[in-house]
Amino acid sequence: LVGRWVDGMHDAVVDEVASTLGAGRVGRGYAQGIVAMFSGRLFTEDAVRTRWKDPQPSGDVSLPDEVRLELTGWRPDPDGGDKFTDAISRIGRRPEGAVSLDRRTNGNFVSELTRGLLSEWSWKMSCLDDPVTGKPYAVPEIVKVSGVQISVVSLSGLVQDWRVRMSAVLLPPEVRGAIIKFRPGTKGRSTLPEFV
């Protein structure tokens with residue numbers, strides 16, 4: 001949701017109210033650092049720059065619901081062996097399941113769909129108890145069964161990202177819309193967290 005707000009700020013123009021709040025000169029576009037500031041530092045300047053440089057997909061690319069549920073519902077065999085990436089590979093051999101595991105040089109998945117699947121699956125795993133230990137799956141354990149070369153910190157970020165997404169789903173559509181359309185100075189609020 002905050003990402004969609006950042007996307008909308010890319011083409012936004014500073015008005016008089018936002019200018020008085022430090023957004024810059026009236027009639028000009030918002031600078032990345034200013035958008036980061038108005039996000040209440042929910043996004044860093046670098047994150048804004050990256051998001052604006054690599055536009056996010058609209059969500060047109062997707063999997064059939066039953067395939068997505070099959071993947072995000074995958075659980076490791078207590079005896080080991082199979083990994084989440086193996087489940088993705090099996091789905092990829094089916095006509096409806098082309099999911100790329102390719103990565104950019106910075107380690108991020110090329111496919112936003114893959115990132116979303118890993119994020120959702122990791123979050124679901126973090127809510128479950130390990131059948132062997134009887135304790136909740138910890139992120140390091142989730143990394144091991146994922147089959148993905150990813151740090152604990154990065155996977156923790158994906159789990160947190162999905163938690164945030166799920167909290168946004170619970171908001172009524174008009175509230176989500178108001179958040180996405182927020183501009184500094186709306187209803188006397190200068191930053192997105194103040195507005196929310």
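Residues numbered from 1 in each chain as written. Predicted model: local features only at pLDDT ≥ 70, side-chain atom pairs only at ≥ 80, totals over all residues. Heavy atoms only, no water.

1. A word on the pattern of salt bridges
A side chain of one charge can pair with a side chain of the opposite charge if their charged atoms are brought near each other. Put simply, the rule is: Any carboxyl oxygen of Asp or Glu that lies within 4 Å of a side-chain nitrogen of Lys or Arg is treated as forming a salt bridge with it. The secondary structure listing takes helices from DSSP runs of H or I that are at least 4 residues long and strands from runs of E that are at least 2 residues long, numbered from the N terminus. Summary of the burial criterion: residues with accessible area below 20% of their type's maximum are buried, those above 50% are exposed, and those between are partly exposed, where the area comes from a 1.4 Å probe applied to protein chains only.
In total, this model carries seven salt bridges according to the counting rule given. Between Arg49 and Asp46 there is a salt bridge, with the nearest N and O atoms lying 2.5 Å from each other. In this pair, Arg49 and Asp46 both sit in helix α4 (residues 45-53), three residues apart, roughly one turn of the helix. The closest approach of N and O atoms between Glu120 and Arg68, which form a salt bridge, is 2.9 Å. Here the residue Glu120 occupies a position in helix α7 (residues 112-126), and Arg68 occupies one in helix α5 (residues 65-72), the gap between them amounting to 52 residues. Using a relative accessible area of 8% as the deciding quantity, one classes Glu120 as buried. Residues participating in the shared-partner salt-bridge network are Glu45, Asp46 and Arg49.

2. Examining the side chain of Ser39
Formally: Two residues form a contact once any of their heavy atoms are found within 4.5 Å.
Counting through the fold element by element, Ser39 comes out in the loop between α3 (32-38) and α4. Once residues within four sequence positions are removed from consideration, Ser39 is found in contact with Trp5, Leu192 and Pro193.

3. Details of α5
Selection criterion: Read the arc as the range of directions from the helix axis to the C-beta atoms.
For α5, the set of buried residues is Val67, Leu71 and Thr72. Buried residues of α5, seen end-on, are gathered within an arc of 125 degrees and therefore sit on one face of the element. Set apart from the buried face of α5 by more than 90 degrees, the exposed residues are Asp65, Glu66 and Leu69.

4. Remarks on the nonpolar core
Convention followed: Put simply, a nonpolar core is a bunch of buried Ala, Val, Leu, Ile, Met, Phe, Trp, Tyr and Cys residues held in one set by side-chain atoms that sit within 4.5 Å of each other.
Ranked by size, the top nonpolar core spans 24 residues in total, and within it Leu63, Leu71, Val99, Leu118, Trp121, Ile150 and Leu155 carry the most contacts. Elements with a contribution of two residues or more to this core: α5, α6 (84-92), α7, α8 (139-146) and α9 (152-169). The biggest single contributor to this core is α7, with five residues. Non-local contacts of Trp121, meaning those with residues more than four positions away in its chain, are made with Leu71, Thr72, Trp74, Arg75, Phe84, Ile142, Val145 and Ser146. Grouped together as the second largest cluster of nonpolar side chains are 19 residues, Phe43, Trp52, Leu192 and Phe195 included.

5. Observations regarding the confidence of the model for the protein
Note: predicted coordinates in regions of low pLDDT should not be interpreted at a detailed level. Formally: For every residue, the predictor assigns a confidence score, pLDDT, that lies between 0 and 100.
When pLDDT is averaged along the protein, the result is 81, and 89% of the positions lie at 70 or above. Within the protein, the element-level pLDDT minimum falls on α9, averaging 80, and the maximum on α8, averaging 92.

6. Comments concerning the packing of aromatic side chains
Cut-off, in case you're wondering: A pair of aromatic rings is counted whenever rings of Phe, Tyr or Trp (Trp by its six-membered ring) have centres within 6.5 Å, and the orientation is called stacked for planes under 30 degrees apart, edge-to-face for over 60 and tilted otherwise.
Scanning the model with the defined rule gives six aromatic pairs in all. Consider the rings of Trp74 and Trp121, whose centres lie 5.8 Å apart with planes at 45 degrees: the pair is tilted. Of this pair, Trp74 sits in the loop between α5 and α6 while Trp121 sits in helix α7, and the two are 47 residues apart along the sequence. By relative accessible area, which is 0% here, Trp121 ends up buried. Both rings, one in Phe182 and one in Phe195, keep their centres 4.9 Å apart while their planes meet at 35 degrees; by these two values the pair is tilted. Of this pair, Phe182 sits in the loop between α10 (173-181) and α11 (192-195) while Phe195 sits in helix α11, and the two are 13 residues apart along the sequence. Each member of the aromatic cluster is reached from another via a ring pair, and the members are Trp5, Phe182 and Phe195.

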